[in-house]
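# Architecture and fold: a report
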Amino acid sequence: MGRRLGVMGGTFDPIHWGHLEAAFAAEGALKLQRLLLVTSRVPPHREAPNASSYHRFAMVALAVAGRKGWRAADLELRLDAESYTADTLRMFHDRGYAPNELFFILGADAFADISKWKDFPRVLDLAHFVVVSRPGFPVDDIPHRLPLLAERMVKPPFDAATHLDAMIMLLDSPTSDVSATQVRDRRSRDESIAGLVPDGVKMHIEQHGL
Ligand code: ATP
Ligand code: MG
């Protein structure tokens, strides 16, 4: 069995339990050895009212602290422009990873838009895509929404499938019904965000007045 690296991207404004639970689900189902949480750039004009890249990354670092094999990755933040998943996955190829050693983790809401992504459909050849259900977005809808991709979709158990070409892995797993938008809205109304984000992230948000 080769290396198995999970990669999850997001703006993480802020990171919350839904992100972490989706990553846990993928880590367990696919026996990932390492998991990278990649904080994405957002255009500078959009950043203003929300947390800066520095704070978004800091919160991801706090969320992964002490989790074995997990890392906060700054590779997209180092670039001058907003990056696309296809470019990020190619950076891992440049580092020696084969497509079938990479597991790109995303929610079913995000995957529903895949046909609008840069380099679609080739982006799907660059890694396995692990599509995790999100409250209101069951993975069972995915083959119907994207019928042309249905033949590359697989459901658990994934063992045999992971040795083949890049696949789309549909993973039904309960995650908290939380979004970063909801966390920001609650903060702006001075409502508690306890239980929505890890404690270290909550402390960071409160301490810095985010
Ligand atoms: P926002 O409300 O700002 O859009 P978000 O909570 O949707 O934030 P994103 O940074 O947009 O978070 O999402 C990053 C990735 O995490 C996406 O692939 C998204 O589908 C996934 N994700 C976010 N929340 C959940 C959740 N509760 N369950 C499963 N996947 C999730
Ligand atoms: Mg979102």
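The structure under discussion appears in the preceding block.
Now for a quick tour of the structure. Computed from a prediction, not measured in an experiment: that's the story for all the values here.

On a plain count of helices and strands, the protein chain comes out with 8 helices and 7 strands. For 210 residues, the compact-globule estimate of 2.2 N^0.38 gives 17 Å, and the C-alpha radius of gyration of the protein chain, at 17 Å, lies within 12% of that figure. When the 210 residues of the protein chain are sorted by exposure, 47% land in the buried category. Within the protein chain, residue pairs in contact and separated by at least 24 positions form 72% of the contacts whose partners lie at least 6 positions apart. Roughly 10500 Å² of accessible area belongs to the protein chain as shown, and the carbon and sulfur atoms make up 51% of that amount. Of the charged side chains in the protein chain, 25 are positive and 27 negative, and the gap between their average positions amounts to 3 Å.

What follows covers the site of ligand 1. Around ligand 1, a shell composed of 22 residues is seen, among which H16, D109, T175, A180 and T181 lie nearest. Between ligand 1 and T181, the relevant distance is 2.5 Å, taken from an oxygen atom to a side-chain nitrogen or oxygen of the residue. Computed on the free molecule, ligand 1 has an accessible area of 600 Å², of which 85% lies beneath the protein chains in the complex.

On to the packing of aromatic side chains. According to the stated counting rule, one finds 6 aromatic pairs in the structure shown. Judged by centre distance (6.2 Å) and plane angle (80 degrees), the rings of F92 and Y97 are edge-to-face. Note on W117 and F129: the rings are 6.4 Å apart at their centroids and 55 degrees apart in plane angle, and the pair reads as tilted. One end of the pair, W117, is in the loop between α5 (108–111) and β5 (128–132); the other, F129, is in strand β5, with 12 residues separating them in the sequence. Through pairs of rings, three or more aromatic residues link up here, namely F104, F111, W117 and F129. Note that R3 overlies the ring of Y97, its terminal NZ or CZ placed 4.0 Å from the centroid. Stacked on the ring of W70, the Lys or Arg R67 has its end atom at 6.0 Å from the ring centre.

The subject of this paragraph is the pattern of salt bridges. The full count for this structure, using the stated rule, is 14 salt bridges. Across the pair D13 and R184 runs a salt bridge, and its minimum N-O distance is 3.8 Å. Of this pair, D13 sits in the loop between β1 (5–10) and α1 (17–30) while R184 sits in helix α7 (residues 180–188), and the two are 171 residues apart along the sequence. For R184, a relative accessible area of 29% corresponds to the partly exposed category. Linking K202 and E206 is a salt bridge whose minimum nitrogen-to-oxygen distance equals 3.5 Å.

This next bit is on the packing of helix α3 (residues 53–64) against helix α8 (residues 199–207). Contact pair α3 / α8: the axes reach a minimum separation of 8 Å and the direction vectors enclose 150 degrees. With respect to α8, the element α3 is oriented roughly antiparallel. α8 is crossed by α3, and the crossing has right-handed handedness. Where α3 abuts α8, its residues H55, A58, M59, L62 and A63 lie against G200, V201, H204 and I205.

Further remarks concern the nonpolar core. Counting residues in hydrophobic clusters, the biggest one holds 34 residues, and the most contacted among them are I15, L37, I105, V130 and M169. Of all the secondary structure elements, the ones that give two or more residues to this core are α1, β2 (34–39), α3, β4 (102–107), β5, β7 (168–171) and α8. Of the residues forming this core, the biggest block, 6 residues, is contributed by α1. In this structure V130 touches A26, L30, F103, F104, I105, L106, M169 and L171, once residues within four positions along its chain are discounted. F111, A127, L146 and L149 belong to the second largest nonpolar core, which has 29 residues in total.

Where burial is concerned, most of β5 is hidden: 5 out of the 5 residues are buried. Alternating residues of β5 divide into H128, V130 and V132 and F129 and V131, and every residue in both groups is buried. Summarising the sheet, β4 and β5 pair through 5 bridges and their orientation is parallel. Residue pairing across strands places F104 opposite F129, the latter belonging to β5. By the bridge criterion, 4 bridges tie β5 to β7 in an arrangement that is parallel.

Cut-offs and rules
- Residues numbered from 1 in each chain as written.
- Chains lettered and ligands numbered in written order.
- Predicted model: local features only at pLDDT ≥ 70, side-chain atom pairs only at ≥ 80, totals over all residues.
- Heavy atoms only, no water.
- Helix = DSSP H or I, 4+ residues; strand = E, 2+ residues; numbered from the N terminus.
- Rg over C-alpha atoms; globule rule 2.2 N^0.38 Å.
- Buried < 20%, exposed > 50% of the residue type's maximum accessible area, 1.4 Å probe, protein only.
- Contact = heavy atoms within 4.5 Å.
- Areas by Shrake-Rupley, 256 points an atom, 1.4 Å probe, with all protein chains shown as cover.
- Lys, Arg positive; Asp, Glu negative; His and termini not counted.
- Charge placed at Lys NZ, Arg CZ, Asp CG, Glu CD.
- Near = heavy atom within 4 Å.
- Polar contact = N/O pair within 3.5 Å; in protein donor to acceptor, adjacent residues only side chain to side chain.
- Phe/Tyr/Trp six-rings, centres within 6.5 Å; stacked < 30°, edge-to-face > 60°.
- Lys NZ or Arg CZ within 6 Å of the ring centre and 35° of its normal.
- Salt bridge = Lys/Arg side-chain N within 4 Å of Asp/Glu carboxyl O.
- Axes fitted to C-alpha atoms, helices over the stretch in contact; angles between N-to-C directions.
- Parallel < 35°, antiparallel > 145°, perpendicular 65-115°, else oblique.
- Left-handed = near helix turned anticlockwise from the far one by under 90°.
- Core = buried A, V, L, I, M, F, W, Y, C linked by side-chain atoms within 4.5 Å.
- Pairing = 2+ DSSP bridges.

Fair warning: the whole summary comes from geometry, so function is off the table for now.
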